[in-house]
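Understanding the architecture of this molecule
Residue-level listing of the chains:
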Amino acid sequence: MPQNVLTTITEGIARIVLNRPESYNALDGALMDEFVESVTRLAVDDSVRAVIITGAGKAFCSGGDLKYMHQESPDAPGDVTYRLAATFHKAIIEIRRMSKPVIAAINGPAAGAGMSIALACDFRVMAQSAIFRQAFSTWGLSMDGSGTFSLPRLVGLARALEIVAFDEPIPATKALEWGMVTRVVDDAHVVDEAEAMARTLAARSLHAFGQAKRLMTDSFNTPLEVQLERERASVSACANHSDGREGIRAFVEKRRPVFPDNRQ
């Protein structure tokens, strides 16, 4: 039986490939379950220092499989959607909370929940020919997969509402201009670029990155005084961590630090 999600680990770099190319990697129940299992497993795997998410075939991910939802419950598709979202959101939480950098290699269209997955990642490398589509509102739905969390933080509230209201395709150049992606590259090099970024990030301190990622994710609804106290606790914890001690020693000794320890 074909796997809906392919997961490999090479030299500390994990690659998750959404693998339903015949449906442009649409998210049905089986793919959702495998995606959550893969992300959860990699989040706690100490051999993994960076994660790349991409799609098989011509698309990154076309979003939730609406045909599947209709077939499962034609009179009450919201019941199926509710269960799928509960599963799907476990993966989003793991992506946002793991200390390892997560890179979306957007090899083709990323629509609906596929766009939400990409935006939930820490970094996004987008193929020149790829597009984003919000998609939800066209079919009478609201966003899930943390889309309403990520999108306004990346592009601002007014533009996020515009994207939702009009649901026009967003080409790679515009996505880069609007701050939705980190880099745009030729189609043939999107995964290679993501892997190059992953190797660079994997050589850095995962502990320090994880602390900064968590602080930034939580910062938007945190009062300044509380955020400053969290920063104080975090930077002192980093300094006492083996990575921090190595970084300080390397600075004093005028050399590049080596961070072998990827504990949380």
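Everything below is about the structure shown above.
No experiment lies behind these values; they were computed from the predicted model shown.

1. Thoughts on the pattern of salt bridges
Taken as a whole, this structure holds 14 salt bridges when the rule is applied. Across the pair Asp122 and Arg96 runs a salt bridge, and its minimum N-O distance is 3.0 Å. Within this pair, whereas Asp122 is found in the loop between α4 (113–120) and β6 (123–127), its partner Arg96 is found in helix α3 (residues 77–97), the two being separated by 26 residues in sequence. Salt-bridge contacts for Asp167 lead to Arg133; the nearest nitrogen and oxygen are separated by 2.8 Å. Of this pair, Asp167 sits in the loop between α6 (157–166) and β8 (170–171) while Arg133 sits in strand β7 (residues 131–133), placing them 34 residues apart in sequence. A residue is classified by how much of its surface remains accessible, and Asp167, at 6% relative accessible area, is buried. Residue classification places Arg133 among the partly exposed residues on the basis of a relative accessible area of 26%. Salt bridges sharing common partners tie together Arg20, Glu22, Asp28 and Asp65.

2. Brief notes about the packing of α3 against α4
Closest axis-to-axis distance for the α3/α4 pair is 9 Å, and the angle between their directions is 20 degrees. Between α3 and α4, the angle is such that the two are roughly parallel. Of the two elements, α3 crosses α4, and the hand of that crossing is right-handed. When α3 is examined against α4, the residues Phe88, Ile92, Ile95 and Arg96 are found in contact with a partner set consisting of Ala113, Ile117 and Ala120. Of the residues assigned to the contact of α3 with α4, the class counts are six nonpolar, no polar and one charged.

3. Examining unusual backbone geometry
One non-glycine residue, Asn25, lies in the positive phi region at around 60 degrees. Position of Asn25 among the secondary structure elements: in the loop between β2 (13–18) and α1 (29–43). Note on Asn25: relative accessible area 0%, which makes it buried. Despite not being glycine, Ala135 has its phi angle at roughly 70 degrees, a positive value. Position of Ala135 relative to the elements: it lies in the loop between β7 and α5 (147–155).

4. A short note on the packing of α4 against α5
Across the interface, α4 lies against α5 with an axial gap of 9 Å and an inter-helix angle of 60 degrees. Between α4 and α5, the interaxial angle falls into the category oblique. Crossing of α4 against α5: the hand is left-handed. Contacts between α4 and α5 involve Met115, Ser116, Leu119 and Ala120 from the first element and Gly147, Ser150, Leu151 and Leu154 from the second. Per-class residue counts for the contact of α4 with α5 are five nonpolar, three polar and no charged.

5. Focus on the pairing of strand β3 (residues 50–55)
Buried residues dominate β3, accounting for six of its six residues. Residue alternation in β3 divides its side chains into two sets, Ala50, Ile52 and Thr54 and Val51, Ile53 and Gly55, and both sets are buried. In this structure, β2 lies alongside β3, joined through six bridges in parallel fashion. Note on β3: the bridge partner recorded for Ile13 is Ala50. A crossover links β2 with its parallel partner β3, the connecting element being α1, and its sense is right-handed. Judged from the three bridges that link them, β3 and strand β4 (residues 102–106) form a sheet pairing that is parallel. When the bridges of β4 are listed, Ile53 appears paired with Ala104.

6. Concerning the sheet that holds β7
A sheet is described by the order of its strands in space; here three strands give the open sequence β5-β7-β8, paired in mixed fashion. Of all strands in the sheet, those with a lone pairing partner are β5 (110–111) and β8, marking the two edges. Inspection of the sheet shows β7 paired to β8 by two bridges, in the antiparallel sense. Residue pairing in the sheet places Ile131 in a bridge with Pro171 of β8.

Procedures and definitions
- Residues numbered from 1 in each chain as written.
- Predicted model: local features only at pLDDT ≥ 70, side-chain atom pairs only at ≥ 80, totals over all residues.
- Heavy atoms only, no water.
- Salt bridge = Lys/Arg side-chain N within 4 Å of Asp/Glu carboxyl O.
- Helix = DSSP H or I, 4+ residues; strand = E, 2+ residues; numbered from the N terminus.
- Buried < 20%, exposed > 50% of the residue type's maximum accessible area, 1.4 Å probe, protein only.
- Axes fitted to C-alpha atoms, helices over the stretch in contact; angles between N-to-C directions.
- Parallel < 35°, antiparallel > 145°, perpendicular 65-115°, else oblique.
- Left-handed = near helix turned anticlockwise from the far one by under 90°.
- Contact = heavy atoms within 4.5 Å.
- Nonpolar A, V, L, I, M, F, W, Y, C, P; charged D, E, K, R; others polar.
- Pairing = 2+ DSSP bridges.
- Right-handed = clockwise from strand over helix to strand, strands pointing away.

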